[in-house]
Amino acid sequence: MIKFLDLHKINLQYEEAFQKKFEAFLDKGWYILGESVKVFEKEFAEYCGTKHCMGVGNGLDALVLIFKATIQLGKMQKGDEVIVPANTYIASILAIIEADLVPVLVEPNEETFNIDPEKIQQAITPKTKAILVVHLYGQLADMERINTIASQNNLLVIEDAAQAHGCKMGVRSGKMEEKKAGNLSYAAGFSFYPGKNLGALGDAGAVTTNDDELAKMIYSLRNYGSETKYQNDFVGVNSRLDEIQASFLSVKLPYLDKENAIRRTIAKRYLSEIENSKIVLPFYDGSENHVFHLFVIRTQKRDELQNYLAENGIQTMIHYPIPPHKQKALAQFNHLSFPITKKMHDEVLSLPISPVMTEEEIDFVVKILNQY
Ligand SMILES: *Cc1c(COP(=O)(O)O)cnc(C)c1O
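Residues numbered from 1 in each chain as written. Predicted model: local features only at pLDDT ≥ 70, side-chain atom pairs only at ≥ 80, totals over all residues. Heavy atoms only, no water.

### Brief notes about the packing of aromatic side chains
A complete count under the given rule lists 16 aromatic pairs for this structure. With a centroid separation of 6.1 Å and an interplanar angle of 15°, the aromatic rings of phenylalanine 44 and tyrosine 47 are classed as stacked. Here phenylalanine 44 and its partner tyrosine 47 are both found in helix 3 (residues 35-48), three residues apart, which amounts to about one turn of the helix. Judged by relative accessible area, tyrosine 47 falls into the buried class, the value being 13%. (Phe/Tyr/Trp six-rings, centres within 6.5 Å; stacked < 30°, edge-to-face > 60°. Helix = DSSP H or I, 4+ residues; strand = E, 2+ residues; numbered from the N terminus. Buried < 20%, exposed > 50% of the residue type's maximum accessible area, 1.4 Å probe, protein only.)

Following this line, the structure appears as structure tokens:
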């Protein structure tokens, strides 16, 4: 069987290094907010090209902490509106709600699956204070236009970069300075959930930013709003990156670019070799602005295709089967209509893609799809 994502095989590549880290961790006996977190924060900030990186408990918390810190700094107020894509993983929207802000859902561009800048423009009201951009499936959103709209309207831009570790902007055109996801806005939230392109062996996340004030506030808020032990300056939370997870992430980070390149190579093969009129392949401009966290095709009879692939031993997933505005948890949005978002949720199917897929597996996926 071809697994959708063979996490065991991915992490097996690093087993020896993980074991060394674990032994050193046991020897040291320091479990929370120690040297390993500091080291990884420095490495990941350097990787993203940002001034700061703050390790946190997970990707959702990374986003929540950005919003809470921004409010604490007086740059936003509870009840302000935040524009967010209607087609995203629900975490993006939950983060806004958790910080007592109001999500305003906006439809994507049908080709790229990413938020449509025109529609951002139309959704701006006097209460809008920020745009939460999601680089969905690992492809950068149109940051140039979004940042322009934001500066014209005095809005903060925040990136949900949970699927976009290592995405680069401006590589192909050569016009711009090369910048990575996480360094394209006021602040970005990353997830190191095991299945992400940079995955820990458990829950983990981080915030990146170039803003000193925001960084300082998040360092405090993630640890009970406290800088000095037992002295609490703010109503904080407990959301810290574990020492052991930080040390595992330090093992994997040097290989992230290589793993992303393998994902792009597989994607290019799928794009050039899958030929079937029943299948719509994803948009890709050939640059490094896509790290193919997911390779998402579209088809009218999605369940039929998924069953056919399963019968042939190919595991697939749906990202995502129910749009956020139709979820029971978000009843306040259930009456809204987002036709593009709905169509996507009905038609999308994610094919296996990972840095440990073999040539034979790729050949097989292509062959079976072309025979459908
Ligand atoms: C995974 C993910 C998150 C949440 O990350 P966790 O670490 O699971 O909390 C947020 N947004 C998007 C787009 C994601 O894919």
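### Describing helix 8 (residues 212-221)
Every buried residue belonging to helix 8 is among Leu214, Ala215, Met217, Ile218, Ser220 and Leu221, and all of these are buried. The N-cap of helix 8, judged by a side-chain oxygen 3.1 Å from the amide nitrogen of glutamate 213 a few residues on, is aspartate 211. (Polar contact = N/O pair within 3.5 Å; in protein donor to acceptor, adjacent residues only side chain to side chain.)

### Structural notes on the site of the ligand
Neighbouring residues of the ligand: Asn58, Gly59, Leu60, Tyr89, Ala91, Val134, Asp160, Ala162, Gln163, Ser191 and Lys196. One of the side-chain nitrogen or oxygen atoms of serine 191 is found 2.6 Å away from an oxygen atom of the ligand. Within the side chain of lysine 196, one N or O atom sits 2.7 Å away from an oxygen atom of the ligand. With the chains in place, 91% of the 380 Å² that the ligand exposes on its own is no longer accessible. Partitioned by chemical class, the residues of the shell around the ligand number five nonpolar, four polar and two charged. (Near = heavy atom within 4 Å. Areas by Shrake-Rupley, 256 points an atom, 1.4 Å probe, with all protein chains shown as cover. Nonpolar A, V, L, I, M, F, W, Y, C, P; charged D, E, K, R; others polar.)

### A short note on the pattern of salt bridges
Tallying each qualifying case throughout the model produces 21 salt bridges. A salt bridge links aspartate 100 to lysine 78; the shortest N-O distance between them is 3.6 Å. Of this pair, aspartate 100 sits in the loop between helix 5 (90-98) and strand 3 (102-106) while lysine 78 sits in the loop between helix 4 (59-72) and strand 2 (81-85), placing them 22 residues apart in sequence. Lysine 78 gets classed as exposed once you look at its relative accessible area, which sits at 59%. Two residues, glutamate 118 and arginine 145, come together in a salt bridge whose shortest N-O distance is 2.5 Å. Pair noted here: glutamate 118 is in helix 6 (residues 117-123) and arginine 145 is in helix 7 (residues 143-152), with a separation of 27 residues, a long-range link. Taking relative accessible area as the criterion, arginine 145 reaches 40% and is therefore assigned partly exposed. One salt-bridge network, in which partners are shared between bridges, spans Glu110, Arg298, Lys343 and Glu347. (Salt bridge = Lys/Arg side-chain N within 4 Å of Asp/Glu carboxyl O.)

### Some details on the nonpolar core
One broad trend across soluble globular proteins is that nonpolar side chains are buried collectively. Phe67, Met76, Val82, Leu101, Leu132 and Ile218 are the most contacted members of the largest nonpolar core, which has 36 residues in total. Breaking this core down by element, the ones donating at least two residues are strand 1 (52-56), helix 4, strand 2, helix 5, strand 4 (128-134), strand 5 (156-160) and helix 8. Considering every element that reaches this core, the biggest residue donor is helix 4, with eight residues. In this structure, Val134, Ile266, Ala267 and Leu351 belong to the second largest nonpolar core, which totals 35 residues. (Core = buried A, V, L, I, M, F, W, Y, C linked by side-chain atoms within 4.5 Å.)

### Digging into the side chain of histidine 319
Along the polypeptide, histidine 319 turns up in the loop between helix 11 (302-311) and helix 12 (339-347). Looking at histidine 319, the relative accessible area reads 12%, which means it is buried. A distance of 2.8 Å separates polar atoms of two side chains, one belonging to histidine 319 and the other to serine 350. Those residues in contact with histidine 319 that sit more than four places away from it in its chain are Phe4, Tyr137, Leu294, Val348 and Ser350. (Contact = heavy atoms within 4.5 Å.)

### Here we look at unusual backbone geometry
Residues histidine 319 and tyrosine 320 are joined by a peptide bond in cis, for which omega reads 15°. Residue position: tyrosine 320 is located in the loop between helix 11 and helix 12. The phi torsion at phenylalanine 113 lies on the positive side, around 70°, for a residue other than glycine. As for its placement among the helices and strands, phenylalanine 113 is situated in the loop between strand 3 and helix 6.

### Details of the sheet that holds strand 4
Reading across from one edge, 1-9-8-5-4-2-3 is the order of the seven strands in this open sheet, with mixed pairing throughout. Each having just a single partner strand, strand 1 and strand 3 make up the two edges of the open sheet. Neighbour to neighbour, the strand axes of the sheet diverge by 25° on average, direction disregarded. The pairing of strand 5 with strand 8 (residues 187-191) spans three bridges and is parallel. Looking at the pairing, glutamate 159 lines up with alanine 188 of strand 8. The strands that helix 7 touches are strand 4 and strand 5; relative to strand 5, the one it contacts most, it runs at about 150°. Across the sheet, helix 8 touches strand 1, strand 8 and strand 9 (205-209), and the angle it forms with strand 1 is around 20°. (Pairing = 2+ DSSP bridges. Axes fitted to C-alpha atoms, helices over the stretch in contact; angles between N-to-C directions.)

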